[in-house]
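Chain residues, written in single-letter form:
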Amino acid sequence: MTTSTARKPTRPAPTTVAVQARDVVRTYGRGAAAVRALDGATVSIPAGRFTAIMGPSGSGKSTLMHALAGLDTVDGGQILLGGTDLGQLGERQRTLLRRDRVGFVFQSFNLVPTLTARENILLPLTLAGRRPDPERLAHLVTTLGLTDRIRHRPGELSGGQQQRVAVARALITRPEIVFADEPTGNLDSQAAEALLDFLRQAVDDLGQTIVMVTHDPHAAAYADRVVFLADGRIDGELDAPTAPAILSRMARLSAPATTGAN
Ligand SMILES: Nc1ncnc2c1ncn2[C@@H]1O[C@H](COP(=O)(O)OP(=O)(O)OP(=O)(O)O)[C@@H](O)[C@H]1O
């Protein structure tokens, strides 16, 4: 139905790292029940680019994203966000870092039902006691097509509109990096397309850094690069990805390792 060609202008090789994981280990549970969700994951996420994280179910995608975003701590290794070693921060400092430097978009939108779309978008600034930049707000609201829904509450918005409010909320603070966990998981294909188009545009036009966890090769093809995870480790990367190339890579990741091929 839709084509996703000509979305990715050729740009120079990235030079700045937005966030990186170095040999990160994260274990859930103890003893015989312990699960090593991350088992020495090392990855660098370039600034100003759109990176997708893919991998089979249970491969550690959400755990990695939560670790990179400072939502969770790790048991070994290091996370550096814009040069800040998250392991050196206390709980309060990590909370402030998330509030001031990171934006989040979740599959389930996570909007406050009693607030209007506008109030939801501005919430991170309200909580931080910061004034909104009217130009930034107007740009996000207009580009996301929310102008005539801005006084409505989430219950009066479609799923696609709610997710676009969530994206505006994530971007309103001008975060260093936006983490999106299956942002299109609850959207129909048309709403998903609109959302992905906007994320792509935020990277191309605003220089936003975006990291997105997804199961969907079509969604991942909007990214500049796909990072593949398997069994808690990075298992390769794909630049300028296409959906067929991602699919074929995923099929190999999910298949039993009989040939030793990678
Ligand atoms: N809170 C937890 N307690 C115990 N085990 C957990 C917890 N969270 C995740 N795990 C386990 O850690 C491993 C990695 O989980 P994670 O959610 O990061 O994988 P994923 O790749 O995001 O999976 P999916 O694609 O199914 O969402 C899985 O084996 C999972 O069962």
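Worth saying up front: this structure is predicted, and the values here are computed from it rather than measured. Numbering of residues begins from 1 in every chain and follows the order in which that chain's sequence is written. Given that this is a predicted model, residues contribute local features only at a pLDDT of at least 70 and side-chain atom pairs are listed and counted only at 80 or more, while totals for whole chains, interfaces and linings are drawn from all residues.

## With respect to the nonpolar core
Line of reasoning, step 1. Core membership is restricted to buried Ala, Val, Leu, Ile, Met, Phe, Trp, Tyr and Cys residues, and these are joined into a nonpolar core through C-beta atoms within 7 Å. Backbone-placed C-beta atoms define the burial measure: a residue is buried with 20 or more other C-beta atoms within 10 Å of its own, exposed with 12 or fewer, and partly exposed in between. Judged by nonpolar contacts, the single largest core of 68 residues is most densely connected at Ile-53, Leu-64, Leu-68, Ala-168, Phe-179, Ile-210 and Val-211.
Line of reasoning, step 2. Here the contact rule is simple: place C-beta atoms from the backbone, and any two residues whose C-beta atoms are within 7 Å are in contact. Not counting the four nearest positions on each side in its chain, Ala-168 is found in contact with Ile-121, Leu-140, Val-141, Leu-144 and Leu-146.

## Comments concerning the packing of helix α3 (residues 117-128) against helix α5 (residues 159-171)
Line of reasoning, step 1. With their axes 7 Å apart at the nearest point, α3 and α5 run at an angle of 30° to one another. Relative to α5, the element α3 lies roughly parallel. Classified by chirality, the crossing of α5 by α3 is right-handed. Residue-level inspection shows Ala-117, Asn-120, Ile-121, Leu-123 and Pro-124 of α3 in contact with α5, the latter providing Val-165, Ala-168 and Arg-169.
Line of reasoning, step 2. Classification used: nonpolar for Ala, Val, Leu, Ile, Met, Phe, Trp, Tyr, Cys and Pro, charged for Asp, Glu, Lys and Arg, polar for all others including Gly. For the contact of α3 with α5, the per-class residue count stands at six nonpolar, one polar and one charged. Angular values range over 0 to 180 degrees, each being the angle between N-to-C directions of two axes fitted as lines to C-alpha atoms, with helices fitted over their stretch in contact. The helix count covers DSSP runs of H or I at least four residues long, the strand count covers runs of E at least two residues long, and both are numbered beginning at the N terminus. Here roughly perpendicular refers to angles of 65 to 115 degrees, roughly parallel to angles under 35, roughly antiparallel to angles over 145, and oblique to all remaining angles. By definition, turning the near helix anticlockwise from the far helix through less than a right angle yields a left-handed crossing, and turning it clockwise yields a right-handed one.

## Brief notes about the site of the ligand
Line of reasoning, step 1. Placing a C-beta atom from the backbone of each residue, we mark the residue near a molecule or strand if the atom is within 6 Å of it. The immediate surroundings of the ligand are formed by Tyr-28, Gly-29, Val-35, Ala-37, Gly-55, Ser-57, Gly-58, Ser-59, Gly-60, Lys-61, Ser-62 and Thr-63.
Line of reasoning, step 2. Of all elements in the fold, only β2 (35-46) and α1 (61-68) reach the threshold of two or more residues within the shell around the ligand.
Line of reasoning, step 3. Counting residues per element, the shell around the ligand draws most heavily on α1, which supplies three residues.
Line of reasoning, step 4. Taken together, the residues that form the shell around the ligand break down as three nonpolar, eight polar and one charged.

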